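# Descriptive structure summary
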Amino acid sequence: MKLEFMREAIRISLEKMQSGAGGPFGAVVVRGNRVVGRGWNRVTSLNDPTAHAEIVAIREACRRLRTFKLDDCELYTSCEPCPMCLSAIYWARVPRVYYGNTRRDAARIQFDDEWMYREVALPIRARQLVMRPLLRAEALTAFRAWRDKADKIPY
């Protein structure tokens, strides 16, 4: 059964790339033996740098299942997830990911996520992206309110 789902992710990647929807990436979220979310790279067609195949598939699965946790699902993706997608997979609590192409395969066709993997591992001050704390004491007000909120939904 797993091969069928991977083939669907690959089919989507090819079909949507050839139709001009975005880059050559496809993904499906599966619960049991049923696809509950499909996604393809829509970065250029939506002008949205976050519209990667895995993110689109996760969003569709969560919408369809009416949950923010996919801990009983699997994700099949045509390529090893980039750091952003990998983070989304962790946040969605997906316990298992199957991928086709590796990030090195992607780098060979000018999708070089490897630098990002290295960059996020660096201490904040050593990164290319300038990040500085600002108004932390004021920002902590919202965190204290969340900590004390009786009806919060933890995630």
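Per-chain numbering applies: the sequence of each chain, read as written, is numbered from 1 onward. Since the coordinates come from a predicted model, pLDDT governs what is reported: local features require at least 70, and pairs of side-chain atoms require 80 or more to be given and counted, while whole-chain, interface and lining totals use all residues. The side-chain numbers reported here are obtained from all heavy atoms of the structure, hydrogens and water having been left aside.

## Considerations on the overall build of the chain
- Every helix listed is a DSSP run of H or I at least four residues long, and every strand listed is a run of E at least two residues long, numbered separately from the N terminus. Broken down by element type, the chain carries seven helices and four strands.
- Taken from N to C terminus, the helices and strands of the chain fall in the order α-β-β-α-α-β-α-β-α-α-α.
- By its C-alpha atoms, the chain is 50 × 40 × 25 Å across when sized along the principal axes.
- Only protein chains enter the accessibility calculation, which uses a 1.4 Å probe; a residue whose area is less than 20% of its type maximum is buried, one above 50% is exposed, and one in between is partly exposed. A burial count over the chain gives 35% of its 155 residues as buried.
- Any two residues having at least one pair of non-hydrogen atoms within 4.5 Å are treated as being in contact. Put simply, of all contacts in the chain between residues at least 6 apart along the chain, 47% involve residues at least 24 apart.

## Some thoughts on the packing of helix α3 (residues 53-65) against helix α4 (residues 83-91)
- Axis lines are fitted to C-alpha atoms, over the contacting stretch for helices. Their N-to-C directions set the angle, which ranges from 0 to 180 degrees. Contact geometry of α3 with α4 gives a least axis separation of 8 Å together with a crossing angle of 25 degrees. Comparing the axis directions of α3 and α4 gives the class roughly parallel. Note that α3 runs across α4; the crossing there is left-handed. Where α3 approaches α4, its residues E54, I55 and I58 are matched on the opposing element by M84, C85, A88 and I89.
- In the contact of α3 with α4, the residues fall into six nonpolar, no polar and one charged. Angular relationships are summarised with four words: roughly parallel below 35 degrees, roughly antiparallel beyond 145, roughly perpendicular across 65 to 115, and oblique for the angles in between. With the far helix as reference, a near helix turned anticlockwise by less than a right angle produces a left-handed crossing, and one turned clockwise produces a right-handed crossing. As a working rule, the residues Ala, Val, Leu, Ile, Met, Phe, Trp, Tyr, Cys and Pro are called nonpolar, Asp, Glu, Lys and Arg charged, and the rest polar, with Gly in that last group.

## Re a nonpolar patch on the surface
- Residues enter a patch when their relative accessible area is above 30% and they make no salt bridge; the linking distance is 9 Å between like charges and 5 Å between nonpolar side chains (Val, Leu, Ile, Met, Phe, Trp, Tyr). Method for areas: the Shrake-Rupley scheme with a 1.4 Å probe, in which residue coverage is limited to the protein chains shown. In the sections that follow, a salt bridge refers to a side-chain nitrogen of Lys or Arg positioned within 4 Å of a carboxyl oxygen of Asp or Glu. Taken together, the side chains of F68, W91, W146, I153 and Y155 make up a nonpolar region of the molecular surface, amounting to roughly 650 Å² of accessible area.
- Locating I153 in the fold gives a position in the segment after α7 (136-148).
- Residue classification places I153 among the exposed residues on the basis of a relative accessible area of 57%.

## A word on the pattern of salt bridges
- According to the stated counting rule, one finds 13 salt bridges in the structure shown.
- Notably, a salt bridge pairs D148 with R147, separated by 3.0 Å at the nearest N-O pair. For the pair D148 and R147, one class covers both residues: exposed.
- Among the charged side chains, a salt-bridge network with shared partners connects E8, R11, E15, K16 and R38.

These values are about where atoms sit, not about what they do.
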